[in-house]
Amino acid sequence: QVQLVESGGGLVQAGGSLRLSCAASGLTFSSYRMGWFRQAPGKEREIVAAISSSGGITYYADSVKGRFTISRDNAKNTVYLQMNSLKPEDTAVYYCAATRRVGARAAGQYDYWGQGTQVTVSS
């Protein structure tokens, strides 16, 4: 059974930093592209960042470029999202997701999802 478990969310002031982690089990982690998505109240789920199975290729939404960094450790079956210079508009539930589809960016292209972790940025 595939499990993705996020951690690291919390409450932070604007300009602060958080590091999210997502631990995967039940799948061959190194074969999966991983993505971080977020969903704010009343809004659709949107992609934040994604990383190829090897870690060599990354993608970032324009809204987080230069502030967020996605990385992975295939030996630990874990993907990370380092979030710096946080803004109130970054407030959302953050989800990690896994897919075998190369280059996937849409939520519908991801097969497995974590339960989400809340990130709240105060102004």
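Here, every reference points to the structure presented above.
These remarks concern the structure in this document. None of the values given here were measured: they were computed from a predicted structure.

## What to know about the pattern of salt bridges
For the structure shown, the criterion picks out 5 salt bridges. Linking arginine 38 and aspartate 90 is a salt bridge whose minimum nitrogen-to-oxygen distance equals 2.9 Å. Taken together, the residues span a long stretch of sequence, with arginine 38 in strand β4 (residues 33-39) and aspartate 90 in the loop between β8 (78-83) and β9 (92-99) at a distance of 52 residues. Of the two residues, arginine 38 and aspartate 90, neither departs from the other in class, the shared state being buried. Here lysine 65 and aspartate 62 are joined by a salt bridge, their closest N and O atoms 3.2 Å apart. Judged by its relative accessible area of 51%, lysine 65 is exposed. A cluster of three or more residues bridged by salt bridges with shared partners is formed by Arg38, Glu46, Arg67 and Asp90.

## Details of the environment of glycine 116
With respect to the helices and strands, the residue glycine 116 is situated in the loop between β10 (112-113) and β11 (117-122). Sequence spacing of glycine 116 and valine 5 is 111 residues, and the spatial spacing of their C-alpha atoms is 7.8 Å. Ignoring sequence-local partners within four residues, the contact set of glycine 116 consists of Glu6, Val93, Tyr94 and Tyr95.

## A few points about the sheet that holds strand β3 (residues 18-25)
Strand order in the open sheet formed by 4 strands is β1-β3-β8-β7, with antiparallel pairing between adjacent strands. Each edge of the open sheet is held by one strand with a lone partner, namely β1 (3-7) and β7 (68-73). Put simply, the sheet's adjacent strands are angled 15° from each other on average, direction ignored.

## Regarding the side chain of aspartate 90
On the accessibility criterion, aspartate 90 (0% relative accessible area) is buried. A distance of 2.7 Å separates polar atoms of two side chains, one belonging to aspartate 90 and the other to arginine 67. In contact with aspartate 90, not counting residues within four places along its chain, are Arg38, Arg67, Phe68, Ser85, Val119 and Val121.

## Looking at the state of the cysteines
For the structure shown, the criterion picks out 1 disulfide. The disulfide that involves cysteine 22 links it to cysteine 96, with 1.9 Å between the sulfurs. Negative torsions about the S-S bond denote left-handed disulfides, and the value of about 45° found for cysteine 22 with cysteine 96 makes this one right-handed. Note that cysteine 22 is positioned in strand β3 and cysteine 96 in strand β9, a separation of 74 residues in sequence. According to the relative accessible area criterion, cysteine 96 is buried, its value standing at 0%.

Conventions adopted
- Residues numbered from 1 in each chain as written.
- Predicted model: local features only at pLDDT ≥ 70, side-chain atom pairs only at ≥ 80, totals over all residues.
- Heavy atoms only, no water.
- Salt bridge = Lys/Arg side-chain N within 4 Å of Asp/Glu carboxyl O.
- Helix = DSSP H or I, 4+ residues; strand = E, 2+ residues; numbered from the N terminus.
- Buried < 20%, exposed > 50% of the residue type's maximum accessible area, 1.4 Å probe, protein only.
- Contact = heavy atoms within 4.5 Å.
- Pairing = 2+ DSSP bridges.
- Axes fitted to C-alpha atoms, helices over the stretch in contact; angles between N-to-C directions.
- Polar contact = N/O pair within 3.5 Å; in protein donor to acceptor, adjacent residues only side chain to side chain.
- Disulfide = S-S within 2.5 Å.

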